[in-house]
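Per-entry structural report
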Amino acid sequence: MTPQDRSIGWLNSAGVRVTRQRLALAERLVGDGQERHVCAEDLHLQVSEDGAPVSLATVYNTLRAFCDAGLLREVRVDGQKSYFDTRLDDHAHYFLEDDGTIFDAPADAVCIADVKEAPDGTEIAKVDILIRLKSKG
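Overview of the structure. Numbers given to residues run from 1 along each chain, matching the order in which its sequence is written. Only residues with pLDDT of at least 70 are given local features in this predicted model, and only at 80 or more are side-chain atom pairs given and counted; all residues enter the totals for whole chains, interfaces and linings. Side-chain metrics rest on all non-hydrogen atoms present in the structure, leaving aside hydrogens and water.

1. Topic: the sheet that holds strand E3 (residues 82-85)
Read across the open sheet, the three strands follow the order E1-E3-E2; overall the sheet is antiparallel. Each end of this open sheet is capped by a strand with a single partner; those strands are strand E1 (37-38) and strand E2 (73-76). A pair of strands is treated as paired once DSSP finds two or more bridges between them. Here a helix means four or more residues in a row that DSSP labels H or I, a strand means two or more in a row labelled E, and each is numbered from the N terminus. Of the strand pairs in this sheet, E1 and E3 are connected by two bridges, and their pairing is antiparallel. Paired with Val38 across the two strands is Phe84, which belongs to E3.

2. Details of the sheet that holds strand E5 (residues 101-104)
The mixed open sheet is built from three strands, whose spatial order is E5-E4-E6. The open sheet terminates on both sides in strands that have one partner only, identified here as E5 and strand E6 (130-133). Neighbour to neighbour, the strand axes of the sheet diverge by 25° on average, direction disregarded. Pairing of strand E4 (residues 93-96) with E6 involves four bridges; the strand directions are parallel. Note that in E6 the partner of Tyr94 across the bridge is Ile131. Only the contacting stretch of a helix is used when fitting its axis, a line to C-alpha atoms as for every element, and angles between N-to-C directions run 0 to 180 degrees.

3. A word on the side chain of His93
As for its placement among the helices and strands, His93 is situated in strand E4. The rule is simple: take the accessible area with a 1.4 Å probe, protein chains only, and divide by the maximum for that residue type; under 20% is buried, over 50% is exposed, in between is partly exposed. The class of His93 is buried, set by a relative accessible area of 4%. Here a polar contact is taken to be a pair of N or O atoms separated by no more than 3.5 Å, where protein atoms must pair a possible hydrogen donor with a possible acceptor and residues adjacent in sequence count only if both atoms sit in side chains. Within polar-contact distance, the side chain of His93 engages the side chain of His37 at 3.2 Å. For His93, the side chain forms a polar contact with the side chain of His91, separated by 3.0 Å.

4. Side note on the nonpolar core
One finds Trp10, Leu29, Leu43, Leu63, Phe66 and Leu72 to be the most contacted residues of the largest nonpolar core, which totals 21 residues. When contributions to this core are tallied by element, the ones reaching two or more residues are helix H1 (3-13), helix H2 (20-30), helix H3 (40-49) and helix H4 (56-68). No other element matches H2, which puts five residues into this core. Working rule for contacts: check all heavy atoms of both residues, and any pair within 4.5 Å makes them a contact. Here Leu29 is in contact with Trp10, Gln34, Arg36, Val38, Leu43, Leu63, Phe66, Leu72 and Thr86, once residues within four sequence places are set aside. Within the second largest apolar cluster, six residues are counted, among which are Cys39, Val77, Tyr83 and Phe95. Here the nonpolar core consists of buried residues drawn from Ala, Val, Leu, Ile, Met, Phe, Trp, Tyr and Cys, with membership extended through side-chain atoms lying within 4.5 Å.

And the structure:
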């Protein structure tokens, strides 16, 4: 399967209309079939290097649309910085504060003993766990 075919299938699976700009972003996100974490700024730089004319605002809007469609998960590391994860199952993340790198934590990195019931009229949508790391010394 080509990166373009994989990307079109990914977009179609969620009913997202395929446009030139969405396809360029999708190819960078899932075209090679690998899971990844990206921030909007890095994705913008990557597609710009590929020669795709996409503004940073369009990247942000498209990532939001992909999240809304269930294609990506947003991982917020602070009030200003978000990463977008192509892996959709529940899992924890490591965040290296020294260089801003984020990656999946192994399944045995965290043990959640108990999650209480949500308050009346609400339900638990997901549990986000971000393990912040820094270099020793």
